[in-house]
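# Reading the structure
The lines below spell out each chain.
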Amino acid sequence: MMELTLNQKIDECASVWRSFLYFLDRWVHIEDKENHRPMKLTLWPSQREIIPSMINSLLLILLKTRQVGLTWLAAAYVLWMAMRSPLFLAVIISASEDHAIEFLNRVYFIMDRLPKWMVPPIKSRTKMQVEFAHNGGSVATIKSMPTIEMGAESKTPNILIIDEAHTIRTVKDIFNASFPGIEQAKGQVIIIANSVKNAPGWGFVRDMYLASIAGINEFKRIFLPWMAHPERPADFRARMERSGMAPEDVIWHYPETEDEAISAMASSYFGDALARHTHAKAGLKGRFIRDAKGE
């Protein structure tokens, strides 16, 4: 890329500051797993559609198929926020220390490919936390944590991301411990999960998602089906079965519809729950009377 003048750099920083979508389209690189190299991010239509909700929803639950790039988008989002926001704290909770490190490695992967003049000075950088030094001595922090029941209880994060929430056994306790601090900071919660029915955190994810459908909670919900990945062929799920995956596992990992994603393992209970929340009709009222025999 041609070297920019000082005024062009200032204009570019201003454009990045104003628009997360501009930042993604112009500057973000992700890892090409197939060819083991960085590649410029090209947003799929399904990814582009959810950006406004990611920015504007204080409570967001994303129920998705496998491998649609949401963790990369979340990493880019917290980096963008930390670059532009002094006194900022993002807390990301993952199922294990390895997953927590992997999340922050994605942040570093994106950050290390940005021009130096765009990124605030780094105050500290470890395997699970990065701090940016802003003007006036203020600090913006991205902290990636393994699962602990106290979650972000002792913190007041501006953003809490629970990544792969269906895999976290104590996810309900983590959310309940963390939310008071988030609410105090008028912060944002993003829950990212797959619909794997035998996963330890699936019950919490299902309940939160159904409550969103019913209007019981204030979570904005987004469902991404297997077709959200534009390179998957029409017979993708059949191919997965021919590769050896059980049909039930294929549906769990690659749901096609919202109803399919929240259906139960072996019965229609949760599907019925959805129906009750969304399609229930008023019942008939009656009364019992006794006959002359008292029956």
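Whatever comes next refers back to the structure up there.
Per chain, residues are indexed from 1 in the order of the written sequence. Totals for whole chains, interfaces and linings use every residue, but because this is a predicted model, local features are given only for residues with pLDDT of at least 70 and side-chain atom pairs only at 80 or more, for both listing and counting. To obtain the side-chain values, all non-hydrogen atoms of the structure were included, while hydrogens and water were left out.

### Quick word on the pairing of strand 8 (residues 159–162)
As a reminder of what qualifies: A simple rule labels every residue: compare its accessible area, found with a 1.4 Å probe on the protein chains alone, to the largest value its type can have, and call it buried under 20%, exposed over 50%, or partly exposed in between. Counting from the N terminus, the helices are DSSP H or I runs at least four residues long and the strands are E runs at least two residues long. By convention a crossover is right-handed if, when the strands point away from the viewer, the path from the first strand over the helix to the second runs clockwise.
Residues Ile159 and Ile161 line one face of strand 8 and the alternating positions Leu160 and Ile162 line the opposite face, and both faces are buried. With respect to chirality, the unit in which strand 8 leads through helix 6 (residues 171–184) into the neighbouring parallel strand 9 (residues 188–194) is right-handed.

### Side note on unusual backbone geometry
The phi angle of most residues is negative, glycine excepted, and most peptide bonds adopt the trans form. Phi is positive for His36, close to 55 degrees, though the residue is something other than glycine. Secondary-structure assignment places His36 in the loop between strand 1 (29–32) and strand 2 (37–40). The exposure class assigned to His36 is exposed, which follows from its relative accessible area of 67%. Even without a glycine there, the phi angle at Glu164 is positive, about 50 degrees. Here Glu164 shows up in the loop between strand 8 and helix 6. For Glu164, a relative accessible area of 22% puts it in the partly exposed group.

### Re the pairing of strand 2
Residues in a regular strand point their side chains to alternate faces of the sheet. Rules: For two strands to count as paired, DSSP must find a minimum of two bridges between them.
With four bridges connecting them, strand 1 and strand 2 associate as antiparallel partners. Note on strand 2: the bridge partner recorded for Asp32 is Arg37. Between strand 1 and strand 2, which pair antiparallel one after the other, the connecting turn spans four residues, and His36 there sits at a positive phi close to 55 degrees.

### A look at the packing of helix 1 (residues 6–18) against helix 2 (residues 20–27)
Selection rule: Lines fitted to the C-alpha atoms define the axes, with helices restricted to the stretch that makes contact. Angles between their N-to-C directions range from 0 to 180 degrees. Should an angle lie under 35 degrees it is considered roughly parallel, over 145 roughly antiparallel, and from 65 to 115 roughly perpendicular; all remaining angles are considered oblique. Here a residue-residue contact requires only that any non-hydrogen atoms of the pair lie within 4.5 Å. Each residue gets one label: Ala, Val, Leu, Ile, Met, Phe, Trp, Tyr, Cys and Pro are nonpolar, Asp, Glu, Lys and Arg are charged, and the others, such as Gly, are polar.
Packing of helix 1 against helix 2 leaves a shortest axis separation of 5 Å and a crossing angle of 125 degrees. When the axis of helix 1 is compared with that of helix 2, the two are oblique. Taken together, the residues of helix 2 that come into contact with helix 1 (itself represented by Glu12, Ser15, Val16 and Arg18) are Phe20, Tyr22, Phe23, Arg26 and Trp27. Residue classes in the contact of helix 1 with helix 2 are distributed as five nonpolar, one polar and three charged.

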